[in-house]
Structures are given as C-alpha cells and as structure tokens.
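Read off the chains here:
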Amino acid sequence: MTYSIIAGDLEPDMPLQVFVNNVAESLTGALAVQLRWKKPDGTVSIVSLTTVVLATGSVKRVWVAGDTDQAGTHYGQIRVTRSNGEYQTFPSDNSWHSWEVHPVLV
C-alpha cells in the first residue's frame, strides 16, 4: 500500500489491510485494534484504529491534530487483541506498514 499525506493535513484517513498468506484476515470479535507507530524522530506511539469492515480485515487511521506534524517516513504494525485476550500482529513477515508525510512547501 502506498500512502502519503502533507504535514499538518488530517485528510484523507489512512486505510490499512491485515493479511495472512495474502488473504484478508477476519477481525470479527476483536477486542481492540491498535497501531504501533514509529515516527521519524524515533518515538513510538500506540493508537487505536477504526475498524472499517470486520470481515475483510480493513482498518483505518483517522488522523487527529499532531499526527501528521513530523515529515518523513513513518512505520507501523497493527496489533489485534482477539476475543480470548491473545494478540496477533500484522504484518507477521518481518516487515511493517510504512507511509510518508511530506513537508509543506513554503
């Protein structure tokens, strides 16, 4: 997935998919869906994601003020808390989701 946004913008939301072996993972019954997010300055945040369509593993980050202030490459992994309290992290293939925040032209 390629996603980029301009620093300070809050639209559009960032769509994310969770897959296992190239098949969209069901998130039905998940207790929580979070993004572990590493920013360009090295800080790590854990934020909640909005579940779009549980059956197909679609989630999105709805940006809030401050989220897109740091220009650069951002990285994240999605952590799902299943109904039994156990965790599952996506992607699980030693990679991560990445997106770019571009600076405002001045």
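Please read these numbers as outputs of a predicted model, since none were measured by experiment. (Residues numbered from 1 in each chain as written. Predicted model: local features only at pLDDT ≥ 70, side-chain atom pairs only at ≥ 80, totals over all residues. Heavy atoms only, no water.)

S.K.: Report on the overall build of the chain, specifying residues and quantitative values.
M.R.: Within the chain one finds zero helices and 11 strands. Listing the helices and strands of the chain from first to last along the sequence gives β-β-β-β-β-β-β-β-β-β-β. Its C-alpha atoms give the chain a radius of gyration of 14 Å, within 12% of the compact-globule value 13 Å for 106 residues. Viewed in the frame of its principal axes, the chain has a C-alpha envelope of about 50 × 25 × 25 Å. (Helix = DSSP H or I, 4+ residues; strand = E, 2+ residues; numbered from the N terminus. Rg over C-alpha atoms; globule rule 2.2 N^0.38 Å.)

S.K.: Please set out the environment of Arg82 residue by residue, giving values where relevant.
M.R.: As for its position among the elements, Arg82 is in the loop between β9 (72–81) and β10 (87–90). Once the C-alpha coordinates of Arg82 and Leu35 are considered, the two residues, 47 residues apart in sequence, prove to be 15 Å apart. If we skip the residues at most four places from it in the chain, Arg82 touches Glu25, Ser26, Leu27, Gly29, Leu31, Gln88 and Phe90. A distance of 2.5 Å separates the side chain of Arg82 from the side chain of Gln88, its partner in a polar contact. (Contact = heavy atoms within 4.5 Å. Polar contact = N/O pair within 3.5 Å; in protein donor to acceptor, adjacent residues only side chain to side chain.)

S.K.: Any details on the confidence of the model for the chain? Residues and values, ideally.
M.R.: When pLDDT is averaged along the chain, the result is 91; 94% of the residues meet or exceed 70. Mean pLDDT per element in the chain: strand β7 (residues 50–53) is the minimum at 66, and strand β1 (residues 4–6) is the maximum at 98. (pLDDT = per-residue confidence, 0-100.)

S.K.: Explain the nonpolar core residue by residue, including any values.
M.R.: Counting residues in hydrophobic clusters, the biggest one holds 19 residues, and the most contacted among them are Leu35, Ile78 and Trp99. It is strand β5 (residues 32–38) that provides the largest number of residues to this core, a total of three residues. With residues up to four places along the chain from it excluded, the contact list for Leu35 reads Met14, Leu16, Ser45, Ile46, Val47, Leu49, Gly76, Gln77, Ile78 and Trp99. (Core = buried A, V, L, I, M, F, W, Y, C linked by side-chain atoms within 4.5 Å. Buried < 20%, exposed > 50% of the residue type's maximum accessible area, 1.4 Å probe, protein only.)

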